[in-house]
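Residues per chain are reported as follows:
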Amino acid sequence: MAELLLIVTIGGERVALPAAAVESVVELDTLIPVPRAAPHVAGLSALRSRVLTVIDCMRSLELGVTDCSDGIREAAVVELDGHHYALIVDLVEDVVEVLSEPAIVRAAMGEGWERVSKGMVETEQGPILLIDIAALVSGVEVKAA
Amino acid sequence: MDDLISEFIAECREMLEALGGEIVAWEASPDDRARLDSIFRFVHTVKGNCGFFDFPRLEALSHAAEDALAEVRAGRRQPDGPLVSAVLAVIDRIAEMIAALDAGEDISTGDDSILIHALEQGAETPAAPVATTVAEAQSKAVAPRTIRLSVELLDRLMSGVSDMVLARNELARRLREAPGDVAVDGAFERLSSIIADMRDAITRTRMQRIENLFVALPRMVRDLSAELGKQVLVDIEGGDVELDREMIEMIRDPLTHIIRNAVDHGIELPAERLKAGKREIGILSVSARQSGNQILIDIQDDGRGINGKKLVEKAIAAGVIEKSDASDLDPREQLALIFEAGLSTAKAVTAISGRGVGMDVVRSNIERIGGIVEVDSTLGAGTRMTLRVPLTLTIIPALTVSVAGQSFAIPRSAIDEIVRANGESVTLEKLGGAGVATIRGRRVPEIALADVLGLKSDIPELERSLVVLRPAGADVYALAVDRIHDHEELVVKPAAPAVMATGLYAGTTLADDGSPILLFDPAGIAQVGGVKLESHDRAARIVDAPIAAVEVDTPVLLFHGLDGGRRAMRLAIVDRIEEVPATAIRPGAGQLRVQLGEAILPLAGVNGDLPSEKVRLFRLNDGTCEIGYAFREVIDLSAIAHDIIPAEHPGEVSAVSLVAGEPAELVDPHWLFSTFLTAAERLPEQPVCRLPADDPWMQNMLRPIVEAAGYRVVSEADEYEVDLAILSEASSGDLTAARIIRLRSEPDPASAKDETIYRYDRAALLTALKPAGAGRR
């Protein structure tokens with residue numbers, strides 16, 4: 001079976017996350033801020049007695065700040081090195097099959113996108129950008145260090 | 001019969017388990033009669049039982065051991081090394097046989113004559129070979145009383161219970177919103193407490209005291225050193241540190257390996273030790289402690305140490321490092337070479353520690369669980385290995401605090417004390433923008449948590465609480481927080497790298513309401529907050545500012561008690577000092593009482609002989625009641641200017657502190673009043689009424705009515721403090737009575753002011769009797 005992708009919208013852009021890496025899609029309600037943490041760490045949340053570190057993808061991509069004040073946000077839960085993260089996205093759309101190997105995007109993307117890009121893949125819905133979850137989670141600061 | 005056998009097996013097993021440590025301890029001090037007795041009891045029980053069950057091998061073994069131990073008990077034989085080894089071998093063999101019995105195997109074949117022979121006086125046969133089977137036999141013996149569970153299953157259980165807690169909290173919220181039904185609430189309360197208990201139990205199933213790991217060490221070291229002809233004393237500390245069960249399993253092998261190394265390569269033979277000017281017996285100390293978010297296990301020996309230069313030579317020879325690099329290594333890096341694969345400084349590979357796998361395996365095992373191994377060694381003086389393993393899943397007691405509306409947890413182990421910023425013994429000052437708190441004469445740096453976190457606190461500085469923190473091994477500092485909430489036991493999990501990168505946190509945890517809480521790393525906060533921590537306690541103590549100190553500190557009267565003890569009594573509760581003749585003190589109503597003018601007070605402080613003539617005492621007043629406290633002499637008026645060390649048990653002395661340069665016991669006035677006054681009032685359970693004994697009318701006619709009203713009737717001969725005295729018109733007043741009723745014999749009052757009651761006015765009498773009775777209930 002071909003690899004599956006989860007199509008999400010971040011900052012108005014449709015991108016794909018490897019579906020195998022996504023444990024679940026949740027709606028976050030409470031968010032406990034982490035003072036002094038990197039700006040893309042939106043805070044902590046709890047999911048079934050596990051602590052989730054919530055990543056604001058907008059910030060991680062330097063696209064702006066997700067407005068969390070209105071309460072419920074959709075997020076994709078991923079596990080990385082034994083830690084669970086919730087990636088705040090605008091919208092979770094669909095799951096599609098991959099039709100091609102990732103290919104380099106040759107046109108210039110935004111700096112943030114460039115950093116997290118794993119290339120472009122073909123799907124039934126046309127080409128879409130595949131996101132490197134680890135790069136998304138580590139954000140700008142760690143990269144710079 | 002089968003039942004009896006299984007009972008016998010279970011009993012033996014219990015005794016064997018209990019015996020494990022006793023034997024080694026007995027060897028260490030052969031004169032310890034209690035230990036000898038318990039070992040003797042074991043073999044005796046085994047012997048007695050197996051005669052009954054017809055297990056001739058067991059019987060012969062235990063009989064031989066019993067005989068040998070009986071000789072020792074009778075003082076005809078010394079418990080020397082060979083004897084102890086022989087007895088150990090016998091006990092191990094018994095354990096093996098019992099395990100075999102339990103497994104339903106036949107134990108009738110086998111030869112124990114070597115073991116029995118070894119028990120005889122002057123026996124040459126070494127019993128060593130048996131020692132190798134010890135661990136196996138012991139684990140066999142313990143196994144059936146426990147079950148093995150995969151940690152994964154425990155994890156699932158734990159996450160299930162945590163979910164249950166969350167569901168309960170959700171339900172609790174709904175119940176609060178919906179109109180309550182008392183029966184539903186009651187059932188929910190019960191469910192709630194069951195869930196709490198269960199969560200506690202499940203959480204603890206994953207935790208184990210590190211003792212479980214340490215308990216096998218003395219025996220292991222003993223067997224090892226006997227084999228190598230060395231003498232090693234094991235010193236174990238910190239067994240009560242709790243560690244995740246999985247973590248304990250993960251450090252078992254590395255720890256064993258390090259200890260084997262220490263005994264094998266570290267500690268020298270007795271003769272060498274003597275030559276080097278050391279005691280014959282080598283000391284191996286193993287200690288565990290929690291430090292911040294890590295558990296530290298130190299393994300220290302006083303052996304020959306590690307030769308860094310030799311290590312470098314070897315490393316060059318083995319091609320681990322280049323010759324050109326070797327000269328750049330500092331001593332620490334030289335020592336660290338022992339963790340490189342394929343290096344061993346021992347001249348010969350021994351069966352005990354040199355088996356090709358070495359410290360490199362130890363290091364990789366420890367690193368796999370996120371830990372570090374450190375080595376520190378002084379040539380000729382010894383080696384210290386430190387295992388640092390993370391606190392993952394370790395339950396730590398914590399204090400929850402809040403700042404700017406957000407809750408955080410602080411590990412309780414780092415908390416020295418908690419004071420209010422506006423407390424009497426606390427002053428806050430700013431020096432060039434830096435906070436300095438003076439807490440009972442001790443100056444400590446102060447930082448506000450809100451500033452460290454970059455949050456805005458709307459609580460004024462003086463209404464905050466100061467948490468005085470002592471990060472592991474470092475100096476104290478005070479952290480100002482908005483509010484102190486609760487003590488909680490939290491299961492801490494490591495936080496994501498992005499969170500840990502702040503340096504402020506040691507991990508995350510879930511509070512009881514299911515919301516995440518960040519656990520602080522006290523050392524990290526100090527660092528981020530800019531507090532310079534010195535490695536030792538050098539908090540500036542004010543040496544010559546007693547005037548300021550006295551102002552804020554509690555004034556006390558320093559005195560010698562009747563027993564000569566140096567004590568301090570808080571000045572505020574001492575009404576005055578009295579001197580009474582010894583005759584004024586006498587027992588009354590079950591305790592010593594002193595007569596002071598017209599009052600009789602309970603007398604405390606009589607812990608020595610009363611002086612024969614004059615007794616001095618404090619008249620203590622709590623505002624409503626008074627008691628006396630006898631003492632020998634007043635020393636001085638002073639103040640508590642130092643830390644107070646509280647007493648372990650409640651009692652007359654609540655704490656010890658330095659007063660005027662010497663330790664003094666602080667008398668606990670609350671205890672005095674609660675003990676002596678309740679005793680005084682408990683004795684007469686009912687209200688007491690005094691009736692003149694010589695008045696036949698009162699005794700015969702009035703007494704039944706008084707008793708029916710709930711009073712206990714006494715006469716003038718009894719020295720009770722009575723609640724009520726009933727007197728005839730003519731008699732003089734009763735001074736000790738709380739209330740007096742006077743009866744007159746004429747129906748009409750003599751004057752308008754007359755408050756006497758006509759003796760046959762039953763209604764008025766009962767009304768007069770009632771208040772006292774009601775007041776006492």
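In this report, the structure presented in the accompanying data block is examined. (Residues numbered from 1 in each chain as written. Chains lettered and ligands numbered in written order. Predicted model: local features only at pLDDT ≥ 70, side-chain atom pairs only at ≥ 80, totals over all residues.)

### Description of unusual backbone geometry
Residue and element names in this part refer to chain A.
(1) Moving on: The phi angle at Arg36 is positive, at roughly 75°, despite the residue not being glycine.
(2) Moving on: Mapping Arg36 onto the fold places it in the loop between β3 (22–28) and β4 (41–47).
(3) Moving on: The class for Arg36 is partly exposed, based on 17 C-beta atoms found within 10 Å.
(4) Moving on: At Glu62, a residue that is not glycine, the phi angle is positive and equals roughly 60°.
(5) Moving on: As for its placement among the helices and strands, Glu62 is situated in the loop between α1 (57–60) and β6 (73–80).
(6) Moving on: Taking the number of C-beta atoms within 10 Å as the measure of exposure, Glu62 has 16 and is therefore partly exposed. (Helix = DSSP H or I, 4+ residues; strand = E, 2+ residues; numbered from the N terminus. Buried ≥ 20, exposed ≤ 12 C-beta atoms within 10 Å, placed from the backbone.)

### What about the nonpolar core?
(1) Moving on: In terms of nonpolar packing, the biggest core is built from 86 residues, with A:Ile55, A:Leu87 and B:Leu479 touching the most fellow members.
(2) Moving on: With residues up to four places along the chain from it excluded, the contact list for B:Leu479 reads B:Ile447, B:Leu449, B:Leu466, B:Val467, B:Leu469 and B:Ile525. (Core = buried A, V, L, I, M, F, W, Y, C linked by C-beta atoms within 7 Å. Contact = placed C-beta atoms within 7 Å.)

### Examining the pairing of strand β18 (residues 516–520) of chain B
All names here are of chain B.
(1) Moving on: For β18, the buried fraction is high: five of the five residues fall into the buried class.
(2) Moving on: Both faces of β18 are covered, namely the face carrying Pro516, Leu518 and Phe520 and the face carrying Ile517 and Leu519.
(3) Moving on: Here strand β9 (residues 406–411) pairs with β18 via two bridges, running parallel. The residue of β18 that forms the bridge with Phe408 is Leu518.
(4) Moving on: For strand β17 (residues 505–510) and β18, the ladder comprises five bridges, and the chain directions are antiparallel. Among the inter-strand pairings, Leu510 is bridged to a residue of β18, identified as Pro516. (Pairing = 2+ DSSP bridges.)

### Description of the interface of chain A and chain B
Interfaces are often described in size by the accessible area the parts lose on coming together.
(1) Moving on: Facing 20 residues of chain A, the contacting portion of chain B comprises 21 residues.
(2) Moving on: Of all the secondary-structure elements, those providing two or more residues to the side of chain A that touches chain B are β4, β5 (50–56), β7 (83–88) and α3 (133–144) of chain A.

### Focus on the sheet that holds strand β30 (residues 688–690) of chain B
All names here are of chain B.
(1) Moving on: Pairing in this open sheet of five strands is parallel, and the strands run β31-β30-β32-β33-β34 from one edge to the other. With partners counted over all chains shown, the strands left at the sheet margins are β31 (712–714) and β34 (757–758), one partner each.
(2) Moving on: Where strand β32 (residues 724–728) and strand β33 (residues 740–744) come together, four bridges link them in parallel fashion. Among the inter-strand pairings, Leu727 is bridged to a residue of β33, identified as Arg742.
(3) Moving on: Together, β30, β31 and β32 form the strand contacts of helix α23 (residues 696–708), whose direction differs from that of β31 by roughly 150°. (Axes fitted to C-alpha atoms, helices over the stretch in contact; angles between N-to-C directions.)

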